[in-house]
Amino acid sequence: MTLIAVYGPPGTGKTEYALKILAEASYEGRPFIYETYRRWMTLDARARFADFFDDPAEGSKLARKFIVTTHALCKRLLGASILSGKKLVLEIKKVMRDCNIFTDDNAIKELLSVISSDVVPDISELKTLPAKIYTAYSYYVDMFFDRELFEERLPLAEYRIKPAKVYDFTERWIEHLDNIGMADFPYLLVRGLDVEPPLVDVFIADEFHDKTKLKFELFKRHSSKAEKRYILFDPQQSIYGYAGADPEFSLKLWEEAAEKITLSPSFRLSEEQRDFASLKLGKPLDFECAGSTKIEKVSWSFDLLSDGTLVLARTRGLLSDFIENTLLGKPIIWDGFRGWASRRDFVDVLLRCRTSQKLSYDEFQLLFKYLKASAFNGKKAQLKRRMDEAHKMGRLSFNVGSFLSREFLRALRKGNIDNFLDHRLMGEYAENLRSILQNNGYKHIHLRTIHGAKGATFANVVVLRGITSKIQRAMRFDDFQREEERRVWYVAVTRASQNLYYCDYPFTIHTFPEP
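Cut-off values and rules
Residues numbered from 1 in each chain as written. Predicted model: local features only at pLDDT ≥ 70, side-chain atom pairs only at ≥ 80, totals over all residues. Heavy atoms only, no water. Pairing = 2+ DSSP bridges. Helix = DSSP H or I, 4+ residues; strand = E, 2+ residues; numbered from the N terminus. Axes fitted to C-alpha atoms, helices over the stretch in contact; angles between N-to-C directions. Contact = heavy atoms within 4.5 Å. Nonpolar A, V, L, I, M, F, W, Y, C, P; charged D, E, K, R; others polar. Expected span 1.5 Å × (residues − 1). Buried < 20%, exposed > 50% of the residue type's maximum accessible area, 1.4 Å probe, protein only. Salt bridge = Lys/Arg side-chain N within 4 Å of Asp/Glu carboxyl O.

(A) Region of the structure containing the sheet that holds strand β1 (residues 2-7). The six strands are arranged β3-β2-β4-β5-β1-β6 in an open sheet whose pairing can be described as parallel. Pairing within the sheet leaves two strands with one partner each, and these edge strands are β3 (67-69) and β6 (259-262). The average angle at which neighbouring strand axes cross in this sheet is 20 degrees, direction not considered. By the bridge criterion, four bridges tie strand β2 (residues 32-36) to strand β4 (residues 202-205) in an arrangement that is parallel. Counted as the bridge partner of glutamate 35 is alanine 205 from β4. With respect to the sheet, helix α3 (residues 56-66) is in contact with β2 and β3, its orientation differing from that of β3 by roughly 35 degrees. Strands in contact with helix α11 (residues 213-222) are β4 and β5 (228-233); relative to β5, the strand with the most contacts, it is inclined by about 155 degrees.

Structure follows, in structure tokens:
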């Protein structure tokens with residue numbers, strides 16, 4: 001069993017290096033596993049892995065089987081049933097009632113948002129106590145029930161959370177899950193420690209710098225029968241300390257590794273960008289750079305937004321502020337955060353497209369169906385309710401009941417709404433959805449928090465400067481928080497491959513200078 005540690009700064013091709021190893025193992029018929037924590041990174045790795053094959057369908061089939069998230073691997077090895085969505089919230093509500101934690105409609109709504117997020121939630125951005133308690137429980141589990149570490153990393157008093165409440169809920173909740181023979185995503189990882197490790201020749205763990213204490217133990221367990229174990233990491237990009245992640249786990253294995261590989265150069269970063277990132281990080285960086293990214297410190301202007309631009313803000317609250325005060329009502333569509341199609345003014349967007357006479361009424365109806373279905377991920381009740389609202393406001397001239405045909409509803413129930421709309425309703429418009437809007441003068445951009453953009457690369461990136469008062473206080477009194485905040489901004493300024501705009505933006509929320 002050989003441990004190989006692969007270190008590489010942003011843009012050095014860590015994932016590409018790993019995929020080449022996997023492709024070689026596949027050609028030779030050797031079994032392998034590639035795991036990472038983030039679902040969207042798994043999907044990206046699968047798509048890139050398929051490109052190594054003459055038959056992409058064969059590559060995709062192998063990728064779906066062997067390139068997995070940590071949770072998916074645990075679920076596969078356990079064969080466990082997972083609670084999710086509304087069923088999970090109903091069970092949480094039962095246990096919280098026993099813990100004397102009140103759950104109203106707002107709490108349920110926020111709980112649904114927390115459990116459906118692909119990004120590790122930040123308690124400081126949550127408003128209701130049940131959502132905070134459940135998120136704290138997930139952190140506590142990820143820290144492998146280490147109370148000292150848990151109370152050290154989380155300023156629970158500031159969040160108005162009593163540690164005893166978290167411990168009481170955790171104990172009751174895990175007992176409840178055991179009684180009903182189910183698991184949620186945090187507890188799934190705990191149960192994953194008891195499985196028989198997979199028999200593979202190659203086991204690769206990406207983003208190892210974001211391993212928590214529990215995930216570190218999982219890696220040791222799941223890779224224990226692999227002939228070669230690889231870890232891919234960059235300790236400067238460890239930004240989930242609030243959830244228990246610690247770059248020390250990767251540095252420890254770096255010291256123990258039988259083979260150490262340093263990837264160079266960074267094909268994404270320019271020397272100017274590296275030096276700027278060094279200032280944000282507060283320490284010198286000397287890796288080689290082969291990129292040509294340009295950096296501009298600018299004041300906010302709509303001219304910064306071109307098609308495909310990524311806009312980053314430090315928190316979800318700041319990103320919401322940017323949307324409400326800058327984007328609403330403007331000819332801009334976006335994805336990645338509160339997708340535009342789920343906004344109340346989406347009808348106005350389509351009406352403006354319609355009145356510009358570039359869409360026929362039939363095209364308008366089809367596009368409307370597609371966007372509404374996509375916005376709510378095939379959830380019939382939400383789809384119908386929003387359309388009823390639009391109808392009452394006088395913005396729809398057709399009857400909602402007849403609009404949602406029997407066949408359309410059947411597709412919604414089965415969850416294959418995208419295929420149904422693509423092939424039965426939209427036709428060529430499904431492929432040209434973005435261009436239809438762009439032809440009507442709309443720009444398409446991406447909105448993410450810095451944490452949500454981790455691992456991503458975009459040609460043009462706008463970074464909105466500023467941190468909240470809570471982050472500023474945490475930095476002032478906690479050395480670990482201060483160092484992690486520096487790493488967060490290091491990640492932010494290393495996402496661009498062509499143009500980085502470091503932007504002063506007039507948030508209505510009071511902000512403080514970032515490190």
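Now that the structure is up, let's keep going.
(B) Examining the packing of α11 against helix α12 (residues 248-256) more closely. Relative to each other, α11 and α12 sit at 35 degrees, their axes nearing to 10 Å. Contacts between α11 and α12 involve Lys213, Phe216 and Phe219 from the former and Phe249, Lys252 and Leu253 from the latter. For the contact of α11 with α12, the class distribution of residues is four nonpolar, no polar and two charged.

(C) Representation of helix α9 (residues 163-180). Taking 1.5 Å per residue, 18 residues should reach 26 Å; α9 reaches 26 Å between its end C-alpha atoms and fits that length. Within α9 the residues assigned to the buried category are Val166, Tyr167, Phe169, Thr170, Trp173, Ile174, His176 and Leu177. Packing partners of the buried residues in α9 comprise α5 (85-98), α7 (129-142), α8 (147-153) and α10 (185-191). Where α9 terminates, the next one or two residues include glycine 181, which has phi positive at roughly 65 degrees.

(D) Region of interest: the pattern of salt bridges. For the structure on display, the rule yields 21 salt bridges. Note that lysine 94 and glutamate 91 form a salt bridge whose closest N and O atoms lie 3.3 Å from each other. Taken together, the positions of lysine 94 and glutamate 91, both in helix α5 and three residues apart, correspond to about one turn of that helix. Overall, the relative accessible area of 38% leaves lysine 94 in the partly exposed class. Its relative accessible area of 15% is what places glutamate 91 among the buried residues. Each of Lys280, Arg465, Asp504 and Glu514 takes part in one network of salt bridges that share partners.

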